[in-house]
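Breakdown of the fold
Below are the chains, spelled out letter by letter.
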Amino acid sequence: MKKRLENIIKDKLIASSLWSNKIKPDCVNGNVFCAIRDNRIDMYHNGGKLFCYDSSGFKTHLKYASVITASGKDYLTESELSNYRLASNFENNYQRIKENCSNYSGIEASGVSDLYHKHSYLSNSNVIVLDIEISFESLNEENHQDRIDILLFNKDFKTLQFVEAKHFSNNEIWSKTVPKVIDQIKRYEPQIAKRKIEILSAYSEYIEIINRIFNISLPEATKIDDNVTLLIFGFDNDQKNGRLKKLITKNPAYSGIQNYSIGNIKQVVTENLWNA
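Attention in this report is confined to the structure presented alongside it. (Residues numbered from 1 in each chain as written. Predicted model: local features only at pLDDT ≥ 70, side-chain atom pairs only at ≥ 80, totals over all residues. Heavy atoms only, no water.)

We now examine the pattern of salt bridges. Scanning the model with the defined rule gives 17 salt bridges in all. Between Lys3 and Asp131 there is a salt bridge, and its shortest N-O distance comes to 3.2 Å. Of the two residues, Lys3 sits in the segment before helix H1 (7-15) while Asp131 sits in strand S5 (residues 127-137), which places them 128 residues apart along the sequence. In this structure, Lys3 and Asp131 share a single accessibility class: buried. (Salt bridge = Lys/Arg side-chain N within 4 Å of Asp/Glu carboxyl O. Helix = DSSP H or I, 4+ residues; strand = E, 2+ residues; numbered from the N terminus. Buried < 20%, exposed > 50% of the residue type's maximum accessible area, 1.4 Å probe, protein only.)

With that settled, consider the environment of Trp174. Within the fold, Trp174 resides in the loop between strand S7 (159-167) and helix H7 (180-194). Sequence separation of Trp174 and Leu247 is 73 residues, and the distance between their C-alpha atoms is 6.8 Å. For Trp174, the residues in contact, after removing those within four places along its chain, are Phe168, Pro179, Arg243, Leu244, Leu247 and Ile248. In this structure the side chain of Trp174 is engaged in a polar contact, spanning 2.9 Å, whose partner is the backbone oxygen of Phe168. (Contact = heavy atoms within 4.5 Å. Polar contact = N/O pair within 3.5 Å; in protein donor to acceptor, adjacent residues only side chain to side chain.)

This part covers the side chain of Asn211. Within the element layout of this structure, Asn211 appears in helix H8 (residues 196-214). Filtering out sequence-adjacent residues up to four positions away, Asn211 remains in contact with Ile216, Ser217 and Leu218.

We now examine the sheet that holds strand S2 (residues 41-45). In a beta sheet, neighbouring strands are held together by backbone hydrogen bonds and run either parallel or antiparallel to one another. A sheet is described by the order of its strands in space; here four strands give the open sequence S1-S2-S3-S4, paired in antiparallel fashion. Because the sheet does not close on itself, it has two edges, and the strands there are strand S1 (33-36) and strand S4 (57-59). This sheet shows a mean twist of 25° between the axes of neighbouring strands, independent of strand direction. Bridge count between S2 and strand S3 (residues 48-54): five bridges; the pairing is antiparallel. Within the sheet, the bridge partner assigned to Asp42 lies in S3 and is Cys52. Docked against the sheet, helix H2 (residues 17-28) engages S1, S2, S3 and S4, running at close to 60° with respect to S4. The sheet contacts of H8 involve S1 and S2, and relative to S1 the element is tilted by about 135°. (Pairing = 2+ DSSP bridges. Axes fitted to C-alpha atoms, helices over the stretch in contact; angles between N-to-C directions.)

Shown next as C-alpha cells:
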C-alpha cells in the first residue's frame, strides 16, 4: 500500500518535455489518468497503462511503442516498408502510442476508463476517482494479491470508498447460487477493515503528491467506507429487465452487497454511485 514519490523522481518528471508537452495537458483534459505507486507513477489511457515513470524514466509496453514513424501515408507497399523505421521517440510518436494503447484494452478496462477520465481528481466532481487498480497483499493464502478496480473520494465527507467494477458479460457476476464476485467483495472488506490506518496514511501521502504535481488542493482523507460497492455496467434495456433482474436483482446472494447497475457507464453520476 505504499504511495510515495521521491522528490528527485517528481522533479525530473515535471522537467521532462514529454510530461509538460503531452501527458500533463492530456491529464487536465481528461484523456490520461495518473496514479501514484511506490516511487512510480502509472499513466492510464482508455483502459491501458500508457506509460509508467520511475527513477529510470518513462517506459511503455512494446506493443504500444511498436509503431512506424509517421510517413503521411496510411498504406505502404512491401518495397516502401524498407524505407521506414520503428518509432524511437516517445514524444514525437505520442499520438500513435496512445492509439495502440486504446486498441489493446479489454471491454471492462475500457469501460472503467470512462469513469476515471470523466471524474478524475482534476475534474469538478465532488465525488472523484482518486485511484484505480489498487493492490493489497491478500489475507487469503490462496491469493497472493487482491486488486480492487476503483477508489472513490468524497471531498465533502473526506471519505474513501472502494468499488469493484464488472461488465455485464463477466461470468463472475452470474450464478443461480453464489456468484464469484460475492466472494471477492467479502474477501476485500476485511482487508479494508484491518488496514484502515495503513490505507489512510498511504492516501494522505498520495493526495499530497497529486496536489504538488498538479497544483491543486484536495483535502486529506480521514475516513473509509466499510463496504465495497459493486458496479455492474454494459447492458441494454432488454437485458436489464431480463437476465439482470432475474439473476442479480432478485438473487438473494446479493442481499447486503452495496451495488449499482447502469447500462452506459458514461452516464454514471458519481454521487449516485457513492450512495449505492
